Amino acid sequence: MTIYMQVLWLFVLAMPIACISWTVTHEEVFRKPREYCIKRSLKGKTSLERNFFYLFTCEYCFSHYITILFLFLTDYKLLINDWRGHIIAGFSLVWMANTYMSLFGLIRQNIKREKAQIGEMEEKQDK
């Protein structure tokens, strides 16, 4: 695969990783499993148990699990065509996915701010 295609696949594969990580750690449909993991991460008996369950509560940490799954399913490698390519691809995919999630978070904040401003403007017009 050419370097151009490898970089293109990096951007493409990072999108579903970011979407899955964000959905599992933020959306209402996964609230109960997330609350269970939060409880176990706070009240676990060992450090290993607390850290393991914490990884399911943070979108940035959870993206590592999803990235490993995607690397396993796609056999994606970046720059080097052996095991080192998987490692480079893994770190690159996590970085790109986290960048996408950060941008998504900023967009959500801006949307909420604009909705609040619109609501204030509508209240002023009603008075």
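Up top is the structure.
In what follows, the accompanying structure is described. (Residues numbered from 1 in each chain as written. Predicted model: local features only at pLDDT ≥ 70, side-chain atom pairs only at ≥ 80, totals over all residues. Heavy atoms only, no water.)

1. Considerations on the overall build of the protein
We count it as follows: Secondary structure counts use DSSP, requiring at least four H or I residues in a row for a helix and at least two E residues in a row for a strand, with both numbered from the N terminus. Note on method: radius of gyration uses C-alpha positions; expected globular size equals 2.2 Å times residues raised to 0.38. Buried, partly exposed and exposed residues are distinguished by accessible area as a fraction of the type maximum, computed with a 1.4 Å probe on protein chains only: under 20%, between the cut-offs, and over 50%, respectively. By the convention used here, residues are in contact when the closest approach between their heavy atoms is within 4.5 Å. Under the convention used here, a 1.4 Å probe and the Shrake-Rupley method define accessible areas, while residue burial counts only the protein chains that appear. Only four residue types enter the tally: Lys and Arg on the positive side, Asp and Glu on the negative side, with His and both chain ends excluded. Positions of charges follow a simple convention, taking NZ of Lys, CZ of Arg, CG of Asp or CD of Glu.
Regarding its fold elements, the protein presents five helices and zero strands. Reading the secondary structure of the protein in the N-to-C direction produces α-α-α-α-α. Computed over its C-alpha atoms, the radius of gyration of the protein comes to 19 Å, more than 25% above the 14 Å expected for a compact globule of 127 residues. With the C-alpha coordinates aligned to their principal axes, the bounding extent of the protein is approximately 70 × 45 × 20 Å. Expressed as a percentage of the 127 residues in the protein, the buried residues total 31%. When contacts within the protein are restricted to residue pairs at least 6 apart in sequence, those whose partners lie at least 24 apart make up 57%. Surface summary for the protein: the accessible area is close to 9100 Å², and the carbon and sulfur share equals 66%. Taking the 16 positively charged and 12 negatively charged side chains of the protein as two groups, their mean positions are separated by 9 Å.

2. Remarks on the nonpolar core
Selection rule: Definition used in this section: a nonpolar core is a set of buried Ala, Val, Leu, Ile, Met, Phe, Trp, Tyr and Cys residues joined via side-chain atoms within 4.5 Å.
Within the largest apolar cluster, 18 residues are counted, with the highest numbers of intra-cluster contacts made by Ile 17, Tyr 76 and Leu 93. By residue number, the principal contributor to this core is helix 1 (residues 3-26), which donates seven residues. Those residues within four positions of Ile 17 in sequence are excluded, and the remaining contacts are Ser 63, Ile 66, Thr 67, Phe 70, Leu 93 and Ala 97.

3. Quick look at a nonpolar patch on the surface
Counted only if it meets this: Only residues whose relative accessible area exceeds 30% and that take part in no salt bridge are eligible for patches, with like-charged residues grouped when within 9 Å of each other and nonpolar side chains (Val, Leu, Ile, Met, Phe, Trp, Tyr) grouped when within 5 Å. What makes a salt bridge here is a side-chain nitrogen of Lys or Arg within 4 Å of a carboxyl oxygen of Asp or Glu, nothing more.
On the surface, Met 1, Ile 3, Tyr 4, Met 5, Val 7, Leu 8, Trp 9, Phe 11, Val 12 and Leu 79 cluster together into a nonpolar patch covering about 980 Å² of accessible area. Mapped onto the elements of the fold, Val 12 is located in helix 1. Overall, the relative accessible area of 39% leaves Val 12 in the partly exposed class.

4. A short note on the packing of helix 4 (residues 59-74) against helix 5 (residues 83-126)
Put simply, the test is: The angle between two axes is taken between their N-to-C directions and runs from 0 to 180 degrees, where each axis is a line fitted to C-alpha atoms and a helix contributes only its stretch in contact. For classification purposes, an angle smaller than 35 degrees is called roughly parallel, one larger than 145 roughly antiparallel, one from 65 to 115 roughly perpendicular, and anything else oblique. Crossing handedness: left-handed means the near helix sits turned counterclockwise from the far one by under a right angle, and right-handed means the same turn made clockwise. Following the grouping adopted for this structure description, the nonpolar residues are Ala, Val, Leu, Ile, Met, Phe, Trp, Tyr, Cys and Pro, the charged ones are Asp, Glu, Lys and Arg, and the polar ones are all others, Gly among them.
Following both chains from N to C, one finds helix 4 and helix 5 inclined at 135°, their axes separated by 9 Å at the closest point. Here helix 4 is positioned oblique relative to helix 5, judged by the angle of their axes. Considering only the axes of helix 4 and helix 5, their crossing is right-handed. For the pair helix 4 and helix 5, the contacting residues are Glu 59, Tyr 60, Ser 63, His 64, Thr 67 and Leu 71 in the first and His 86, Ala 89, Gly 90, Leu 93, Val 94, Asn 98, Met 101 and Ser 102 in the second. Residues that form the contact of helix 4 with helix 5 fall into these classes: six nonpolar, seven polar and one charged.

So far we have only geometry, and geometry alone does not tell us how the molecule works.
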